[in-house]
Amino acid sequence: MRPAAFLLLVATATSLEAQNPVRTADPAVRGVPLTAFPRFVKLSDKVYGYEEIRQPGFTTVSLVVIGRNGVLVADGQGSVQATQTMLDKIKTLSPLPVKWYVVGSDHGDHTAGNSVLPKDIQFIVHANSLAQLKKDSAAAAAANRPAIVMPGAAMTSDTETIDLGGISVRVRFLGRAHTGGDLMVEVPSEKLLFMSEAYLNRVFPAMRSAYGAEWIRTIDNALALTNVDRFIPGHGFIEEAKVSREELIAFRESLVAVIAEVKRLKAAGLTVDQAIAQVNWGPYAKWFLAEQQSPIAIRRLWTELDGASK
Ligand SMILES: [Zn+2]
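Along every chain, residues carry numbers that run from 1 in the direction the sequence is written. Only residues with pLDDT of at least 70 are given local features in this predicted model, and only at 80 or more are side-chain atom pairs given and counted; all residues enter the totals for whole chains, interfaces and linings. Note: side-chain values were computed over all heavy atoms of the structure, leaving out hydrogens and water.

Take the overall build of the protein chain next. Under the scheme used here, helices are H or I runs from DSSP no shorter than 4 residues and strands are E runs no shorter than 2 residues, and both carry numbers assigned from the N terminus. When helices and strands are tallied, the protein chain shows nine helices and 11 strands. As a reference, a globule follows 2.2 Å times the number of residues to the power 0.38, and the radius of gyration itself is taken over C-alpha atoms. By the compact-globule yardstick of 19 Å for 310 residues, the protein chain fits well, its C-alpha radius of gyration being 20 Å. Taken along the three principal axes of its C-alpha coordinates, the protein chain extends 60 × 55 × 45 Å. The proportion of buried residues among the 310 residues of the protein chain is 51%. Counting every atom, the protein chain has about 14100 Å² of accessible surface; 54% of that belongs to carbon and sulfur. We score Asp and Glu as negative and Lys and Arg as positive, and we do not count His or the chain ends. The atoms used to mark charge sites are NZ of Lys, CZ of Arg, CG of Asp and CD of Glu. Across the protein chain, the centroid of the 33 positively charged side chains sits 0 Å from that of the 31 negatively charged ones. Relative accessible area decides the class of each residue, using a 1.4 Å probe on protein chains only: under 20% of the type maximum gives buried, over 50% gives exposed, and in between gives partly exposed. Per-residue and other accessible areas follow the Shrake-Rupley method at a 1.4 Å probe size, with only the shown protein chains counted as cover for residues.

Here you go:
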């Protein structure tokens, strides 16, 4: 094949991915080779999504916003090495220091690399996540595991605006969802909202520490933001604006369906172990991580339906 013809084929494949993406969290099904990661997805001149692969083979997404006074990062990656790689790659976008870090999710697959963040970085964290990180930190110390990087004070209201110089972000708490301290980052000038793990794109609802019913209301609060066109997930692929809204609604529907199925099994008088054996997730059985997350979701929702999740 002549080089020119080969280049044309490559260009077509890339634009096909952008124009008509396969709706999946699985890179192989999407048609993206694992060698493409980590990669930036340019959202505007000053805002980038960062997609990195974690086990078992789907993306963890961070957000990078570049102002005149410094760089803001929302969510890190799942290991020291992965977060260091991200920081190195951010240097190719801007020579400015990373000054702000938003704890969108306090889970380890987003925070375990935080020891390589600049020491004077300013954390923005919800009180619920700060409390969780304190517990995790004590547990890590007791087990002689590496220390957990602790943010300073928690935010004192549900909204905090940060001026990065020439661009500002609005950190928002729209309700409990995947962790209880779920923070989102709105970039009003670009009409986008990074939702961290409150939005899992085509990933089965991961509920280890979730608040099922409240999660649905939190997504409704995000969908109701009139100035947002594009929703960025914490796992799964970053989509164009129209698809991102459709997929956020699809994820909301998956939460509704998962909760309804657990309610059905509970109402049928099953034990939780019988429910785990007999559950029927319908189309969601094919979503990424379904097999692994299924019993976790059932146990967590069982507790929630018993009124024991606080
Ligand atoms: Zn998580």
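On we go.
We now examine unusual backbone geometry. Geometrically, the link from F37 to P38 is a cis peptide bond, its omega value of -5° lying close to zero. Within the element layout of this structure, P38 appears in the loop between α2 (27-30) and β1 (39-42). Here the amide bond leading from Q55 into P56 is cis, since omega sits at 0°, within 30 degrees of zero. One can find P56 in the loop between β2 (47-54) and β3 (58-66). Phi is positive for D75, close to 70°, though the residue is something other than glycine. With respect to the helices and strands, D75 occurs in the loop between β4 (71-74) and α3 (80-90). With phi around 65°, R202 is a residue other than glycine that occupies positive phi space. Mapped onto the fold, R202 is located in the loop between β10 (192-194) and α6 (212-223). Owing to a relative accessible area of 21%, R202 belongs among the partly exposed residues under this scheme.

As for its position among the elements, W215 is in helix α6. Polar contacts involving the side chain of W215 include one to the main-chain carbonyl oxygen of A198, which spans 2.8 Å. Polar contact is defined as a pair of N or O atoms within 3.5 Å, subject to the rule that within protein one atom must be able to donate a hydrogen and the other to accept it, and that residues adjacent in sequence are counted only when both atoms are side-chain atoms.

Coordination of the zinc ion by the protein is provided by H107 (ND1), H178 (NE2), E197 (OE) and E197 (OE), with metal-donor distances spanning 2.1 to 2.5 Å. Metal-centred angles of 57 to 161° between the four donor atoms at the zinc ion mark the site as irregular. Keep in mind that water is not among the atoms, so a site may look incomplete; donors are the N, O and S atoms within 2.8 Å of the metal, or 3.2 Å for Na, K and Ca. Here the donor residues of the zinc ion are spaced in sequence according to H-x70-H-x18-E. Taken together, the residues span a long stretch of sequence, with H178 in the loop between β8 (168-172) and β9 (184-187) and E197 in the loop between β10 and α6 at a distance of 19 residues. Donor angles set the geometry label: tetrahedral for four donors if every angle is between 85 and 135 degrees, square planar for four and octahedral for six if opposite donors exceed 155 degrees and the others are between 65 and 115, irregular for anything else.

Another aspect to go through is the packing of α6 against helix α7 (residues 241-267). Remark: α6 packs on α7, axes separated minimally by 10 Å, with the N-to-C direction vectors making an angle of 160°. As far as their axial angle goes, α7 and α6 are roughly antiparallel. Once α6 is placed against α7, the crossing between them reads as left-handed. Contact with α6, carried on its side by G212, A213, W215, I216, I219, D220 and L223, involves R245, L248, I249, F251, R252, L255, V256 and I259 of α7 and no other residues of that element. Looking at the contact of α6 with α7 residue by residue, the classes come out as 11 nonpolar, one polar and three charged. Every angle, taken between N-to-C directions, lies between 0 and 180 degrees, and every axis is a line fitted to C-alpha atoms, over only the stretch in contact when it is a helix. Every angle not falling under 35 degrees, over 145, or within 65 to 115 is termed oblique; those three ranges are roughly parallel, roughly antiparallel and roughly perpendicular. Left-handed describes a crossing whose near helix is turned anticlockwise from the far helix through less than a right angle; right-handed describes the clockwise counterpart. Whether two residues are in contact is decided by their heavy atoms: any pair within 4.5 Å suffices. Each residue gets one label: Ala, Val, Leu, Ile, Met, Phe, Trp, Tyr, Cys and Pro are nonpolar, Asp, Glu, Lys and Arg are charged, and the others, such as Gly, are polar.

Attention shifts here to the nonpolar core. Nonpolar side chains in soluble globular proteins tend to end up buried together. Here, nonpolar core refers to any group of buried Ala, Val, Leu, Ile, Met, Phe, Trp, Tyr and Cys residues whose side-chain atoms link them within 4.5 Å. By size, the foremost hydrophobic cluster in this structure holds 43 residues, and its most contacted members are M195, W215 and F231. It is α7 that contributes the most residues to this core, seven residues altogether. Contacts of F231, omitting those with residues within four sequence positions, involve L193, M195, Y199, A222, L223, S244, R245 and L248. Counting residues in each nonpolar core, the second largest holds 25 residues, with V65, L72, I162 and V169 among its members.

The subject of this paragraph is the side chain of Q293. With respect to the helices and strands, Q293 occurs in helix α9 (residues 290-305). With near-sequence residues (within four places) excluded, Q293 lies in contact with F204, P205, A206 and M207.

On to the packing of α7 against α9. For the pair α7 and α9, the least separation of the axes is 10 Å and the interaxial angle reads 70°. For the element pair α7 / α9, the angle class is roughly perpendicular. Together, V258, I259, V262, K263, L265 and K266 of α7 and A297, I298, L301, W302 and L305 of α9 make up the contact between the two elements. Along the lines of polarity and charge, the residues of the contact of α7 with α9 split into nine nonpolar, no polar and two charged.

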